[in-house]
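# Fold and contact review
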Amino acid sequence: CRKICVMTSGGDSSGMNAVVRAVVLYGTSKGCDVYAVYEGYQGLVDGGHQIRKMDSHSVRGFLSVGGTSIGTARCMAFRERPGRLKAAHNLVKTGVDSLIICGGDGSLSGANLFRSEWPSLLEELRKTGEISEEQEKLHKNMSIVGLVGSIDNDMSGTDITIGAVTSVHRICEAIDAVNTTALSHSRAFVIEAMGRHCGWLTLASGMASGADFIFIPERPPAEDDWESAMCNVVKRHRDLGKRKTIIVVAEGALDKHLKPIKVNDIKDILTDRLGLDTRVTVLGHTQRGGSPCAFDRILATTQAIAAVDAVLAATPDSPSPLICMNENRTTIQPLMASVEKTQQVAQAIETKDFAKAISLRDNQ
Ligand code: ATP
């Protein structure tokens, strides 16, 4: 029978547990042995009790719990070949023939590298006597399937990532809570949202909470003087009788001149120019936590089932698949092409080439 390992890696996101649960339940129903790697790539490198056989009892209650109960970690050792050699040895010892990895673009790049190196890792293990010739032959194929677990929704190839919608819910709940004080005191609040190079969380939560103004990295304000542009909008809303002002700022927001836009600068502008009693709220990790919303549970479950099916359908020559969602359908994209494009977008934003970043995103 097939032996599948499931693991979560990189930053946690709500819905990762639902992935683990569905891989275990569906995988075992298909006659596979399912293992979980605890603590991401670190667990793969350490082996031993970090790779554990799972059954329906192991994942009881997982569906509604946020984050990942099998743990995640950033692992330096896996970035180097000796670390990946240990990981390969641990998988061969356990008899695993496929890996389902739920993580961000870093985790998925690592996964792709691991698969491309697999034959040479086995060869090296055989030459050093750590595995036999027979084991090398038996394990010559390793299937790797990626699932995108990330609150940022920044992966090319998919419309939505596991955990992003829950994160928007968290941000909206926080803005709704802040609204109470804003309305009572007629205050302005400047709220910083996560998302690194990607403004999706800010855009979605800004729309869902009726923010007055948002700042995102992909579309810096068109005006040289964004300060006046923002104040004009806020003043117009105030003139219409609005008692509260909400500005949502992505952590990677930039102005037209590519200078970071910081929440405290916005606070000072609203205070000095409009005389508004203004407070800053940095939401931080509250955005990542909590029980997954129904959408993320459903997304994680359907994608995990597709991942097990992809493992069962994989051939030695087929490229590693990434389970995606496009126009409300589960689709399969080549893992490496999606990872490369995601990294190109991040690089274009880092080097301030917004036109390229936007065209890459629009065509994804
Ligand atoms: P998030 O989007 O939340 O940051 P991520 O998966 O992108 O998630 P990373 O910290 O970039 O998070 O990667 C997680 C782990 O994947 C790293 O700690 C490392 O072990 C492994 N990894 C990342 N990039 C590579 C790579 N190029 N080669 C080998 N392993 C890698």
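All values derive from a computational prediction rather than experimental measurement.

Here we come to the site of the ligand. With respect to spatial proximity, 17 residues lie near the ligand, and among them Gly10, Gly11, Gly104, Gly106 and Gly110 are the closest. It is helix α4 (residues 105-127) that contributes the most residues to the shell around the ligand, 6 residues altogether. For the shell around the ligand, the residue count by class is 4 nonpolar, 10 polar and 3 charged.

Strand order in the open sheet made by the 4 strands is β7-β8-β6-β9, with parallel pairing throughout. If you trace the sheet from one side to the other, it starts and ends with β7 (213-215) and β9 (278-282), each paired once. Mean inter-strand twist for the sheet, computed between neighbouring axes without regard to direction, equals 15°. Against the sheet, helix α6 (residues 164-185) contacts β6 (188-193), β8 (245-250) and β9, and its axis sits at roughly 165° relative to β6.

Let's shift gears to the sheet that holds strand β5 (residues 143-148). Taken in spatial order, the 7 strands of this open sheet run β3-β2-β1-β4-β5-β10-β11, and their pairing is mixed. In this open sheet, the two strands that pair with only one neighbour each are β3 (51-53) and β11 (329-334). On average, adjacent strands in this sheet sit at an angle of 25° to one another, irrespective of strand direction. In this structure, β5 lies alongside strand β10 (residues 321-326), joined through 2 bridges in parallel fashion.

Rules behind the numbers
Residues numbered from 1 in each chain as written. Predicted model: local features only at pLDDT ≥ 70, side-chain atom pairs only at ≥ 80, totals over all residues. Near = placed C-beta within 6 Å. Helix = DSSP H or I, 4+ residues; strand = E, 2+ residues; numbered from the N terminus. Nonpolar A, V, L, I, M, F, W, Y, C, P; charged D, E, K, R; others polar. Pairing = 2+ DSSP bridges. Axes fitted to C-alpha atoms, helices over the stretch in contact; angles between N-to-C directions. Contact = placed C-beta atoms within 7 Å.

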